[in-house]
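This is what each chain is made of:
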Amino acid sequence: MREIEKINHTGEVPVMEPQRQFYFMDLAKQYVTQISRKKGRPLTFHVTTFGCQMNARDSEKLCGILETVGFEETDSEEADFVIYNTCTVRENANNKVYGRLGYLSGFKKKNKDMMIALCGCMMQEPEVVEKLKQSYRFVDLVFGTHNIFKFAELLVRCFEEQKMVIDIWDDTKEIVEELPVERKYSFKSGVNIMFGCNNFCSYCIVPYVRGRERSRKPQDIIREIEKLVADGVVEVMLLGQNVNSYGKNLDTPVTFAQLLQEVEKIEGLERIRFMTSHPKDLSDELIEVMKNSKKICRHLHLPLQSGSSRVLKEMNRHYDKEHYLALVEKIKKAMPDLAITTDIIVGFPGETEEDFKLLCDFTKEYKPARVGIFAYSKEEGTPSCKLKGQIPKSVKLKRVNALGKIYLDCVRQRNAALVGKTVEVLYEDMDYDRGRFVGRTQYDAPDIDANVYFTGDFADVGNFYNVKITGFDGYDLIGEKAK
């Protein structure tokens, strides 16, 4: 156990947030300083993020708080503080975390002051917490999705109590966003506009681990984006499990389309993205706002999940295949150049060969710009895990591979059509192995690896460049800066 001298609290602990957390940040900083002096070096931290864009945004908050209290980030998991921000919506996600914990235990034996924390969706499952208590006693801190804003307070408890701290909330109506954030990119940022989900798709654990829908006030969202723009951000991505449901639970209801119109007015903001949209809630108002916008990216992520209306009903998706296709036609008519990306679940219980053929036919006919193809994962606690007709793993993998080949052919056709054209690219990074700049157009999905690789004499990260497409490599486009 770490040897520290307990620091006396000074002043009354604030009750209101976020003032309460700033109080604990100051206290945590004193403990970090004390330990750093004994070691003769700064304390280091490492955060590993599993899962979605909302988890990635949560990790930026964790990093911001840790840097505020005096930790320095490192790429190594042999750090003084390691956090796993977990996901639980993919097969074997939990086992992956347990395996990594076994790896960390060796580091902790060498560094008695090392601290290990687990947070995120996986921690909302009672059986996971029980297993940690029984088999992974070397973990210092366990907390969930609803109380991430309390991280500084929980950190102080770890320093003072010298034992495993577990703080899991079943649900919350509280939203606390005004805390330090360490962004991964200086020029773009995610912005949470809502939390939770009310849809209860039969295969999805999210409503159980993220809770019911809670929307932030529009003025708080606008204020946050204005601060980001003042700090150099040119692109924001509005985040929610189903952004089309935004505003329904506010005292004064506001639609997502109305929020977008307000965000559009922010001077200095160049691009607006959002994820994720549910087909059952995508309104004509939103289509019209997107059509007339000069800032909203010409990209829409609209998960289909299955090409069979029967399977969609079993999934509890609240739309059928015909509704989805009619919606796509309406969107394409309004915005012919819009890139629609989608998600597809292969091997849902009871999926027949005919059902799978419908998926393949959809992909061939509509040629989505990007497709996330996932083999159905049986998630305990969801209705679908009790359904009859569970598909063997070998069949699911065979179908995933078959659909993947069809999709790749669609991507090649789309990329080939772009050769010779000039597109505007936001330069995001440098690929030193390829010796090329890496960017993304407004048509590209923000959370996948497909990029535009381009050459030129010079480029500044966060700036926009016109790039002439000269070829492609699989999913990626290859080009050169236009003169």
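Residues numbered from 1 in each chain as written. Predicted model: local features only at pLDDT ≥ 70, side-chain atom pairs only at ≥ 80, totals over all residues. Heavy atoms only, no water.

Caption draft 1: Geometry of the pattern of salt bridges. For the structure shown, the criterion picks out 34 salt bridges. Among the ionic pairs, Asp 80 bridges to Arg 41, the shortest N-O distance being 2.8 Å. Highlighted residues: Asp 80 in the loop between β2 (72-73) and β3 (81-86) and Arg 41 in the loop between α1 (19-39) and β1 (44-49), separated in sequence by 39 residues. Asp 80 gets classed as buried once you look at its relative accessible area, which sits at 5%. Residue class for Arg 41 comes out partly exposed when judged on its relative accessible area of 35%. The closest approach of N and O atoms between Asp 167 and Lys 150, which form a salt bridge, is 3.2 Å. (Salt bridge = Lys/Arg side-chain N within 4 Å of Asp/Glu carboxyl O. Helix = DSSP H or I, 4+ residues; strand = E, 2+ residues; numbered from the N terminus. Buried < 20%, exposed > 50% of the residue type's maximum accessible area, 1.4 Å probe, protein only.)

Caption draft 2: Geometry of the packing of aromatic side chains. For the coordinates displayed, the defined rule picks out 23 aromatic pairs. Measuring from centroid to centroid gives 5.5 Å for Tyr 98 and Tyr 136, while their planes differ by 10 degrees, and the two rings are stacked. On the criterion of sequence distance, the pair formed by Tyr 98 in helix α3 (residues 93-110) and Tyr 136 in the loop between α4 (126-135) and β5 (141-143) is long-range, its members being 38 residues apart. Between Tyr 324 and Phe 362 the ring centres are 5.9 Å apart and the planes differ by 70 degrees, which places this aromatic pair in the edge-to-face class. With Tyr 324 in helix α11 (residues 321-334) and Phe 362 in helix α12 (residues 353-366), this pair connects stretches of sequence that are 38 residues apart. Phe 362 carries the same exposure label as Tyr 324, and that label is buried. Taken together, the ring pairs connect Phe 71, Phe 81, Phe 143 and Phe 151 into an aromatic cluster. Looking at Lys 131, its charged tip hangs above the ring of Tyr 98, at a distance of 4.0 Å from the centre. One Lys or Arg, Lys 188, reaches over the ring of Tyr 185 and ends 4.5 Å from the middle of that ring. (Phe/Tyr/Trp six-rings, centres within 6.5 Å; stacked < 30°, edge-to-face > 60°. Lys NZ or Arg CZ within 6 Å of the ring centre and 35° of its normal.)

Caption draft 3: Fine view of the nonpolar core. Ile 225, Leu 238, Phe 256 and Ile 331 are the most contacted members of the largest nonpolar core, which totals 66 residues. Counting 38 residues, the second-largest nonpolar core is a separate cluster that includes Ile 7, Leu 66, Phe 149 and Ala 152. (Core = buried A, V, L, I, M, F, W, Y, C linked by side-chain atoms within 4.5 Å.)

Caption draft 4: Representation of unusual backbone geometry in the model. A cis amide bond links Glu 17 to the next residue, Pro 18, at an omega of 5 degrees. Considering the arrangement of structural elements, one finds Pro 18 in the segment before α1. Here the amide bond leading from Met 275 into Thr 276 is cis, since omega sits at 5 degrees, within 30 degrees of zero. Note on placement: Thr 276 falls in the loop between β11 (271-275) and α9 (284-292). One non-glycine residue, Gln 162, lies in positive phi territory at about 55 degrees. Tracing the backbone shows Gln 162 in the loop between α5 (151-161) and β6 (165-167). Look at Gln 162 and you get partly exposed, because its relative accessible area is 23%.

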